[in-house]
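Breakdown of the fold
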Amino acid sequence: MPHPVRLKAQGRPTFTLGLMSWADDVSGNRSKQYNAHTNVYAVNLNLPHCKLQQEYFVRFSSTSPTAGALEQLDGFAEDVGPDRWHEAYDCVLQQEILFRLIVRVEAADNPQQSELCSHIGLNRNKFCRKCHVGGPAKDMETHIGHQSLYEEGKARSAGETVEEIISQLVAATHGNEQHIETMQTTSGIKDPIAQFWIQQLIQKARKARQAVKNEIINKIEKDLIKWLTEQPPHRYSTLPEHSGLDVHWDTIVELLHTYLLGVDKYLWHASHTAWNDSQRQMMATRLQSSSVDGLSIYPVQGNYLVKYRNNLIGKHFKALQQVGVFHLHPDLLENEHGGLLLELWKATGELGALLFYHSIDDMSTYVMNGLTSP
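Calculation criteria
- Residues numbered from 1 in each chain as written.
- Predicted model: local features only at pLDDT ≥ 70, side-chain atom pairs only at ≥ 80, totals over all residues.
- Heavy atoms only, no water.
- Helix = DSSP H or I, 4+ residues; strand = E, 2+ residues; numbered from the N terminus.
- Buried < 20%, exposed > 50% of the residue type's maximum accessible area, 1.4 Å probe, protein only.
- Contact = heavy atoms within 4.5 Å.
- Lys, Arg positive; Asp, Glu negative; His and termini not counted.
- Charge placed at Lys NZ, Arg CZ, Asp CG, Glu CD.
- 1 Å grid on protein atoms, 1.4 Å probe; cavity = no way out; pocket = protein on both sides within 12 Å on 5 of 7 lines; lining within 4 Å.
- Points joined across faces, edges and corners; volume = space filled by probe spheres on them.
- Nonpolar A, V, L, I, M, F, W, Y, C, P; charged D, E, K, R; others polar.

**Re the overall build of the protein**
Regarding its fold elements, the protein presents 16 helices and five strands. Projected onto its principal axes, the C-alpha coordinates of the protein cover approximately 80 × 65 × 50 Å. Looking at the protein residue by residue over its 374 residues, the buried ones come to 38%. Considering only contacts in the protein between residues 6 or more positions apart, those separated by 24 or more positions represent 61%. The positive charge centre, built from 35 side chains, and the negative charge centre, built from 42, are 5 Å apart in the protein.

Dropping the structure here:
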């Protein structure tokens, strides 16, 4: 029996293209300085990495001042998937072909990644989009609770997320908004698209309950669920259900805010706030004289880094973590925490070397490690 794709292709070549899509909110455009809107882009992961850095190969998908990232990506999803074949003419083969698009990675900054996962957000009790670490503040302040923050939490899964969203939609038919908020806080799941329907269901349930007696509450719930099933199909984000994509594991970690503007920034602040003008000038001179041989950075502008020490950006902290520790002599570590700061500088330098690398020397080992990772 022929393969289903062969039947569809009818002798035409078929191709599968891996995609990386991402959404980002922007505050302005060419015509207006303040005009908040959300853009969606995509790139072809079959291309070499060096090509993905070129603007020519970045494909604009959509933009909207009202529709959020999930709503636009739901529309984007209508053209991708293992069974969505598209016809095209291949100018190299000089014949008609079929191709399909499979989303492999969803890229974004941390808050946007959280939204793509239907996650409640980074500042809530369940703050991790990848696992169930965290809990109420009173529990986390205990010894056991605090220790749990440093242990591996139960991993989230796309199926579990969909089940929780559906449970929230069903619970909304009772008209109890506080109960929904408790469910979202406890689970860490709050889907922006489902939230619209939850609010609709709560309002409808409250109005209906005011007009009927208690004995028909169950009928109201069934009627509302029936009403919900008759609405347009996208009642929650479809990203968790995409074949070949798990939003909890395929939303790659963004090192800029997670590390450079996190650990490195606060370590730099803790160090330079203890210096006087003479010590700052000494550090600037030492940084200015840094050798960058073997490093993938431009010459260090020491005077600039010290002068604008409270307004540095990612590339500055990336340079500081590589060369800063070599200039922290005892004359710059005179306070009571000097020894601890030096150890922290050493540790961030070693960790930074592991986090940032620009080439893969042993591709076979790298691929095998990727295949065996969860």
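That was the structure; now back to the text.
**Some words on empty space enclosed by the protein**
Inspection of the entire model under this criterion finds one cavity of 30 Å³ or more. What lines the largest cavity is simply Asp264, Leu267, Trp268, Phe317, Leu320, Gln321, Trp345 and Thr348. When residues of the lining of the largest cavity are traced back to their parent elements, those giving at least two are α11 (255-272), α14 (314-323) and α15 (338-355). Among the residues making up the lining of the largest cavity, the classes are represented as five nonpolar, two polar and one charged.

**Quick look at the layout of surface pockets**
Reported here for the largest pocket is a volume of approximately 1,600 Å³. If you go around the largest pocket, you meet 34 residues; those closest to its centre are Met20, His49, Gln53, Ile252 and Val253. Those elements that place two or more of their residues in the lining of the largest pocket are α2 (49-52), β5 (95-107), α11 and α16 (363-372).

**Focus on unusual backbone geometry**
A positive phi angle, close to 55°, is found at glutamine 10, a residue other than glycine. Examined against the element boundaries, glutamine 10 turns out to sit in the loop between α1 (4-9) and β1 (14-26). Classification of glutamine 10 by relative accessible area gives exposed; the value is 61%. The phi dihedral of glutamine 94 falls on the positive side, at around 55°, and the residue is not glycine. You can see glutamine 94 is positioned in the loop between β4 (85-90) and β5. Given the relative accessible area of 59%, glutamine 94 is considered exposed.

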